[in-house]
Amino acid sequence: MKYLIISLSVILLNLPSSLNACTGLSLKAKDGAYVQARTIEWGSSDLPSEYVIIPRGQQITSYTPTGVNGAVFQTKYGVVGLAIMRKEFIAEGLNEAGLSAGLFYFPRYGSYVSYNPAENQRSVNDLQLVTWMLSQFSTIDEIKAALPSIRIIGIDQTAGSTSTVHWRIGEPSGRQVVLEIVDGIPHFYENPVGVLTNAPGFEWHLTNLNNYVNLTPGGVAPHALSDLTLAPFGSGAGFLGIPGDITPPSRFVRIAFYRATAPQRPTALETILECFHILNNFDIPIGIEHPLGQSPDIPSATQWTSATDLTNRKIYYKTAYNSTIRCIDLQTIDFAASPYQSFPLDATRQQPIEYLNIK
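This is a predicted model, so every value here is computed, not measured. Residue indices begin from 1 for each chain and proceed along its sequence in written order. Selection of residues for local features in this predicted model requires a pLDDT of at least 70, selection of side-chain atom pairs for listing and counting requires 80 or more, and totals for whole chains, interfaces and linings are taken over all residues. Only hydrogens and water are set aside when side-chain values are computed; all heavy atoms of the structure are taken into account.

A. Layout of the environment of Asn116. Runs of E in the DSSP output that reach at least two residues are strands. Runs of H or I that reach at least four are helices, and both are numbered from the N terminus. Along the chain, the position of Asn116 falls in the loop between strand 8 (100–105) and strand 9 (123–125). Whether a residue is buried, partly exposed or exposed follows from its accessible area with a 1.4 Å probe, protein chains only, as a fraction of its type maximum: under 20%, in between, or over 50%, in that order. A relative accessible area of 32% places Asn116 in the partly exposed class.

Shown next, in the form of structure tokens:
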């Protein structure tokens, strides 16, 4: 177990920020359904990922830098999550009450309290905080009230490490907050734009949107420049100048404007599909993150994309290995009887292709 903790620490502490470029958005359907969607990136190698089912009444113990000896808590709500590296580390999840939470990489700007073995009974590591939240609470305000009872730490023993994350938390009502921990102090921010990426801090991203006050949907009318008439080359010229690179500030600007201009779809399913369509624009080809000839043998840095219907309690996902959208319906799961279990996101790594029988 000590070897596992050390291995995870080495992985998390040495990841360049470009390898963890998560992008999140949310949309609401005309029928009232609320959806939160996101990508998850890992550009250095294949990222072991699985979906996890946690029943009610399950006892869970948090990892610490010295073993599985942290805070112990029992699940009040059944949870379905998409986990990375181990089934205990849920990166995106939903509980049967409709509360959703996910973690996003937040290097250099977040910092936790230092690990103190004497406080193990109150310590929950950042990669298990989603599980802690979803398994015990049904609202954002309940999380806010309970958070002072625990100490959020990293798997490694260094406070303020580059492995820090921040969190997106949402309710079926459409309320969404961002949780960031700086110098060990948690800060909750209401999210008026419904999107999230990575560093810097959330408030900085909101301020940075003012740099793009000129962006507008639709076209731009021709106008004169001295004796020359300037006219757009094609449609969509109102978005001319929107940043197209994959840095977190640029992705935040782009996803904020894409979300704000997206048409509202009639139903939950149509909204789910709209989220996938928008997030296709944020898939990161593996080659652009590495020097020429040094890319790992994986199809994409965007290893999976998910969309969560908080209203109807469903999680949808697709992966870099299989673009077929799959769905887990929480309402079909008996969380009183189901075991604590996990399964790979992809049963097989072979992309299914339908060949049309044309005569």
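B. How the structure looks around the sheet that holds strand 6 (residues 79–84). Any two strands between which DSSP finds at least two bridges are classified as paired. Strand order across the open sheet formed by 8 strands is 13-12-11-8-7-6-3-20, with antiparallel pairing between neighbours. Taken across any chain shown, the strands that pair with only one partner, and hence form the sheet edges, are strand 13 (185–190) and strand 20 (341–344). Here the average twist between neighbouring strands, direction ignored, is 20 degrees. Looking at chain direction, strand 7 (residues 90–95) and strand 8 are connected through 3 bridges and run antiparallel. For every element, the axis is a line fit to its C-alpha atoms; helices are fit only across the contacting stretch, and the angle between N-to-C directions ranges from 0 to 180 degrees.

C. View of the pairing of strand 1 (residues 24–28). Judged by how many residues are buried, strand 1 sits mostly within the fold: 4 of 5 residues are covered. Sheet analysis places strand 1 next to strand 14 (residues 195–196), joined by 2 bridges and oriented antiparallel. When the sheet's bridge partners are listed, Gly24 is paired in strand 14 with Leu196. Pairing of strand 1 with strand 2 (residues 34–41), which is carried by 5 bridges, proceeds in the antiparallel orientation. If you follow Ser26 over to strand 2, its bridge partner there is Gln36. Hairpin connection of strand 1 to strand 2: 5 residues between the antiparallel strands, including Gly32 at a positive phi of 95 degrees.

D. Expanded view of the packing of aromatic side chains. Pairing of aromatic rings covers Phe, Tyr and the six-membered ring of Trp, with a centre-to-centre limit of 6.5 Å; geometry is then stacked below 30 degrees between planes, edge-to-face above 60, and tilted otherwise. Taken as a whole and judged by the stated rule, the model has 9 aromatic pairs. Arranged with centres 6.1 Å apart and planes meeting at 70 degrees, the rings of Phe202 and Phe252 form a pair that is edge-to-face. With Phe202 in helix 4 (residues 202–208) and Phe252 in helix 5 (residues 248–261), the pair connects residues that are 50 residues apart, well separated along the chain. Phe252 matches Phe202 in its accessibility class, with the two residues each being buried.

E. Highlighting the sheet that holds strand 2. Within the open sheet, the 6 strands sit side by side as 14-1-2-17-18-19. Their pairing is antiparallel. Of all strands in the sheet, those with a lone pairing partner are strand 14 and strand 19 (326–329), marking the two edges. Bridge analysis of strand 2 against strand 17 (residues 302–309) gives 7 bridges, and the strand direction is antiparallel. Looking at strand 17, one finds that Gln36 is bridged to Thr308. We call two residues contacting when some pair of their heavy atoms lies within 4.5 Å. Against the sheet, helix 6 (residues 268–280) engages strand 1, strand 2, strand 17 and strand 18 (314–319), with an angle of about 155 degrees to strand 17.

F. The arrangement of helix 6 in detail. Between the first and last residue of a helix there are one fewer steps than residues, each counted as 1.5 Å, and that sum is the expected span. The terminal C-alpha atoms of helix 6, which comprises 13 residues, lie 19 Å apart, in line with the 18 Å expected from a rise of 1.5 Å per residue. Buried within helix 6 are the following residues: Ala268, Thr271, Ile272, Glu274, Cys275, Phe276, Ile278 and Leu279.

G. Representation of the side chain of Thr39 in the model. Within the element layout of this structure, Thr39 appears in strand 2. A relative accessible area of 0% means that Thr39 is categorised as buried. Pairs of N or O atoms are called polar contacts if they sit within 3.5 Å, as long as, within protein, a hydrogen donor faces a hydrogen acceptor (for residues adjacent in sequence, only side-chain-to-side-chain pairs). A polar contact is formed between the side chain of Thr39 and the side chain of Glu41, at a distance of 3.1 Å. Those residues within four positions of Thr39 in sequence are excluded, and the remaining contacts are Ala21, Cys22, Thr23, Leu279, Thr302, Trp304 and Thr305.

H. Structural detail: the pattern of salt bridges. When a carboxyl oxygen of Asp or Glu lies within 4 Å of a side-chain nitrogen of Lys or Arg, that pair is called a salt bridge. All told, the structure shown has 11 salt bridges when counted by the stated rule. With a shortest N-O distance of 3.2 Å, Arg168 and Glu92 are connected by a salt bridge. Here Glu92 lies in strand 7 and Arg168 lies in strand 11 (residues 165–170), a separation of 76 residues in the sequence. Residue Arg265 pairs with Glu274 through a salt bridge whose shortest N-O separation is 2.9 Å.

I. Spotlight on the pairing of strand 12 (residues 176–182). With 6 of its 7 residues buried, strand 12 lies for the most part within the structure. Note that strand 11 and strand 12 share 4 bridges and pair antiparallel. Bridge assignment links Arg168 to a residue of strand 12, and that residue is Val178. Connecting strand 11 to the antiparallel partner strand 12 that follows it, the hairpin turn spans 5 residues, and Gly174 within it adopts a positive phi of roughly 105 degrees. Pairing geometry for strand 12 and strand 13, over 6 bridges, is antiparallel. Looking at strand 13, one finds that Glu180 is bridged to His187. Hairpin connection from strand 12 to strand 13: 2 residues lie between these consecutive antiparallel strands, with Asp183 at a positive phi of about 55 degrees.

J. Quick peek at the side chain of Thr271. Of note, Thr271 is situated in helix 6. Once residues lying within four places of it in the same chain are set aside, the contact partners of Thr271 are Leu27, Ala29, Val35 and Arg265.

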